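Close look at the chain arrangement
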Number of protein chains: 2
Amino acid sequence: MGDSIISHVMLALLATTVMQQQTDNSATNQDEPNVVIIFTDDLGYGDLGCYGHPTIATPNLDQMAAQGMKFTDFYSACSVCTPSRAALMTGRLPIRNGMWGNRRVLFPNSPGGLQQSEVTIARALKQVGYETLCVGKWHLGHHPEYLPTSHGFDQYFGIPYSNDMEVEKRGDPPLPLMENETVLEAPVDQTTLTKRYTEKVVSYIKEKKDDSFFIYYAQTFPHVPLYASKDFKGKSRRGLYGDVVEEIDWSVGKILDTLRQEGLAEKTLVFFTSDNGPWLIKMLEGGSAGLLREGKGCTYEGGMRVPALAWWPGTVKAGSVNHELASTLDLLPTVAELTGAKLPQDRSYDGFSMVPMLEGTGPSKRDHMFFYRRNELYAVRLGDHKAHYITQGAYGKTARKLERHDPPQLYHLGHDPSEQHDISAKNPEILSRIDQLVKDHQASLDPPPSQLDRKAEKPKS
Amino acid sequence: MGDSIISHVMLALLATTVMQQQTDNSATNQDEPNVVIIFTDDLGYGDLGCYGHPTIATPNLDQMAAQGMKFTDFYSACSVCTPSRAALMTGRLPIRNGMWGNRRVLFPNSPGGLQQSEVTIARALKQVGYETLCVGKWHLGHHPEYLPTSHGFDQYFGIPYSNDMEVEKRGDPPLPLMENETVLEAPVDQTTLTKRYTEKVVSYIKEKKDDSFFIYYAQTFPHVPLYASKDFKGKSRRGLYGDVVEEIDWSVGKILDTLRQEGLAEKTLVFFTSDNGPWLIKMLEGGSAGLLREGKGCTYEGGMRVPALAWWPGTVKAGSVNHELASTLDLLPTVAELTGAKLPQDRSYDGFSMVPMLEGTGPSKRDHMFFYRRNELYAVRLGDHKAHYITQGAYGKTARKLERHDPPQLYHLGHDPSEQHDISAKNPEILSRIDQLVKDHQASLDPPPSQLDRKAEKPKS
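Residues numbered from 1 in each chain as written. Chains lettered and ligands numbered in written order. Predicted model: local features only at pLDDT ≥ 70, side-chain atom pairs only at ≥ 80, totals over all residues. Heavy atoms only, no water.

A look at the sheet that holds strand β6 (residues 182-185) of chain B
All names here are of chain B. Counted only if it meets this: Two strands are said to pair when DSSP picks up at least two bridges between them. The way it works is that DSSP assigns letters per residue, a run of H or I at least four long becomes a helix, a run of E at least two long becomes a strand, and they are numbered from the N terminus. Here the axes come from fitting lines to C-alpha atoms, over the contacting stretch only for helices, and the angles between their N-to-C directions go from 0 to 180 degrees. Contact definition: two residues touch when any of their heavy atoms are within 4.5 Å.
Ordered in space as β6-β5-β4-β3-β7-β1-β8-β9-β2-β10, the ten strands form an open sheet in which the pairing is mixed. Of all the strands in the sheet, just β6 and β10 (320-327) have a single pairing partner and so form its edges. Adjacent strand axes in the sheet meet at a mean angle of 20 degrees when their direction is disregarded. Across seven bridges, strand β1 (residues 34-40) lies against strand β8 (residues 268-274) in parallel orientation. Among the inter-strand pairings, Ile 38 is bridged to a residue of β8, identified as Phe 272. Packed onto the sheet, helix α7 (residues 240-261) meets β1, β7 (213-218), β8 and β9 (308-311) and runs at close to 170 degrees relative to β8.

And the structure:
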């Protein structure tokens, strides 16, 4: 696959052409909502008050849930950062968009990134006249051709990869804070990041209140190392991890307040979720998956089931709890349906529009979920059943052993959300149905090369 | 201690005399609220939607939380049934009221029960003119002198001990449903118990709406064996356990609806909680403690920290989350303060009034919690720290081993609610403070004989 900027630009033009051919409504429609996606980093299923955490106080997110919809069975698309983000942005599994690898995420010395042939939510929304802003951690490639501003965002303000990725012996550069393609500050002062992200989002909302806008606010935290501003440090009963989550809670509150003050609440969908489960090996600096098994990095529920809240006063029913299956993969088709943005039809998507759930007009169109690690399918959920073909935990020595299961382990996630009681022996017919689903899925795949395992062809300037 | 009915009656008269001497306001006051305590059996910390359970749908309890106060750090007074109930009813630890034993609860062949010298919430409220009803599982003695109607309740409708206590080889009688002192039905049809309990509570509220009333509704479930009515059986995604909890949720909803319909919402405090943590060894028929360690029967958090909701529209702030320490031991002093009921001053209490928390006028008066098993103090919480002098889990072979710790294990429950990271080595001064608290506590004790280990002196007629 070509690696120069020119070939990427050509691919981008091609994708744009495909979309325009399929677009019959590219004008801005005042009825189409603004979209704000708030994507936290390593926040666990059990880390919010409204998901049962006893000592992290999240009054703003609890109120967001009370005024909107709380999902109990919402998944990130992968248990680690880069592939999870790539899937959210494209509505496609990492195995389709190339953002998988034995190096499980991008590093400062990685040459790869999200290909221009991929259409992000931002680029799709540009086609229908949206203003687009990316704030926070990108982690889909830090070279110019992969940055947010090369993927449909008018503006970018944030860090290009994880906040722990400044490893001296690897020769990493100081962690930069970027504005568009420019380094503003390096190393970035992380203690004020949440405040600065919040200010950027708030001022953008005020500035664009008469336009249609899309904001992708990808929080740097609670990924370690943890930093809270002086207003929050030392305030939470949960210690520094709680301070950081409580500052994120404050940030979300400021954003919802701004939308209300600007009269935009009823025309803005705000979706809050996390990129994967809690990083348990970080001990007290990692979060909690609540009653779910395991955490970040693995395909048990704790690795990929995440908190998710939808807020859109007047459309999303206040105080609703949604127990259906949904995923970050579904955000792109949801936003496309809401805004009239057309997606290229020359590729497979893994998402399903959540519009019927959000509007209360029908059930989820999703009945399954695939759980990948690298390019291997580890587990599959179909309805309430989940089959584990391969398991590999992340927390505790024995748990980290990779085990292949034939027949797969089978859990009923309704009866047994903590994945404790293997019921495979008594349910061969369910396993057959899941096997068939896997066959159909695998037949649909034509995996591109890994972007994460790419080696630098020549030193970057 | 005397065992005949006559000596119990004499003690009761004595206690009443003591109370009357101290009572300066025994008339009913219209400003004093009705009190409804709903006490579930073996419901775990993680088993309600508002505490993060993904597949048990509890819309009524979630709404109760949204309209009232949700406690994150509320404890039952013991990790098993009988002593937990005795403590709630008397505001005194089992080590003080005699309801402890090597037999950890009462059985159908137990001769003992709650002594007449103890003053229950019901008897205290009779002194200030309340009508009193006990519905459900009593488990504080099933012989006549120990039944609810001998302990201050005008009426009783329920089962006298746990719903699994009909063991043929032990010669147990069929499980009875009782009305006052009379067996109505034996064995009781458990499938309709929740419905019948609910009907009884609802009709009592309607009947007594012009009086002041106290209802103690001690649910039989979700203690095993699990039974749901045909309206609920097979309906929950969580299986039979979920069916049963969802029927309890319905029951609570009916009670709150009735209070609203009768215009009593603003003059009734409804308090919902559980007698101990989930019975984990029952596997899928037991509940979940969420992120807390262990369950029923042990002194880790999962054994004794329980869901707790307070509802009193107009007084308890809607949607509030209370992170302070509180306990079922606090219900008696709370109710006494709210109603003007006076308590005998010739004994020690272990409760603290929660009125400041409920009314939003001040913090919890409780800064510690004792965790007993039988007559041994296993653990102590002081502020956010918890010291384990003895540990003995309930779930898993290795966990069941009794271990004594010197120095005690120490956990910071704020930072580490799952009790994973022992910090005793670095905190000798905190351990000293807890040691002193233990010494002061133990100096205040004068334990009466165990009622649970009493042997029958002669066959009961």
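Thoughts on the packing of aromatic side chains
All names here are of chain B. Going by this rule: Two rings belonging to Phe, Tyr or Trp (six-membered ring only in the last case) form a pair when the distance between their centres is within 6.5 Å. Interplanar angles under 30 degrees mark stacking, angles over 60 mark edge-to-face geometry, and anything in between is tilted. Under the scheme applied here, a residue whose accessible area is under 20% of the maximum for its type counts as buried, over 50% as exposed, and between as partly exposed, the area being computed with a 1.4 Å probe on protein chains only.
In the structure shown here, the tally under the stated rule is 28 aromatic pairs over all chains. For the pair Trp 138 and Phe 153, a centre-to-centre distance of 5.9 Å together with 85 degrees between the ring planes defines the contact as edge-to-face. Taken together, the residues span a long stretch of sequence, with Trp 138 in the loop between β3 (131-136) and β4 (155-158) and Phe 153 in the loop between β3 and β4 at a distance of 15 residues. With relative accessibility at 0%, the residue Trp 138 sits in the buried group. The exposure class assigned to Phe 153 is buried, which follows from its relative accessible area of 3%.

Thoughts on the relation of the copies chain B and chain A
Filter applied, for reference: Only residues with pLDDT of at least 70 in both copies count here: their C-alpha atoms drive the least-squares fit that superposes the copies.
Overlaying chain B on chain A yields an RMSD of 0.0 Å, the required transformation being a rotation through 180 degrees with an accompanying axial translation of 0.0 Å. With respect to symmetry, the two chain copies, as superposed, fit the operation of a two-fold axis. For chain B, the residue whose C-alpha comes nearest the rotation axis is Gly 52 of chain B, separated from it by 2.2 Å. When the interface residues of chain B are mapped onto chain A, 97% of them are again interface residues, pointing to one common binding face.

Here we look at the domain arrangement of chain A
All names here are of chain A. How we decide: For every domain, the bounds stem from an assignment made automatically or drawn from a database. Buried area is calculated as the accessible area (1.4 Å probe) missing from two parts once they are joined, with the contributions of both summed. Whenever a carboxyl oxygen of Asp or Glu lies within 4 Å of a side-chain nitrogen of Lys or Arg, that contact is scored as a salt bridge. Side-chain atoms alone can form a polar contact between residues adjacent in sequence; in general such a contact is a pair of N or O atoms within 3.5 Å, and within protein one must be able to donate a hydrogen while the other accepts it.
For chain A, the domain assignment lists domain 1 (7-20 + 30-367) and domain 2 (371-443). The gap between the C-alpha centroids of domain 1 and domain 2 is 27 Å. Contact with domain 1, which involves 28 residues of that partner, is made by 27 residues of domain 2. When domain 1 packs against domain 2, the two sides together hide about 2,300 Å² of surface, and 56% of this comes from carbon and sulfur. Its largest share of buried area at the contact with domain 2, domain 1 owes to Arg 293, Thr 299 and Tyr 300, together 24% of the area lost on that side. The residue Asp 73 makes a salt bridge to Arg 381 at a minimum N-O spacing of 2.9 Å. Where domain 1 touches domain 2, the interface holds twelve residue pairs in polar contact (both at pLDDT 80 or more). Elements supplying a minimum of two residues to the side of domain 1 that touches domain 2: β2 (69-75), α4 (94-97) and α8 (301-304).

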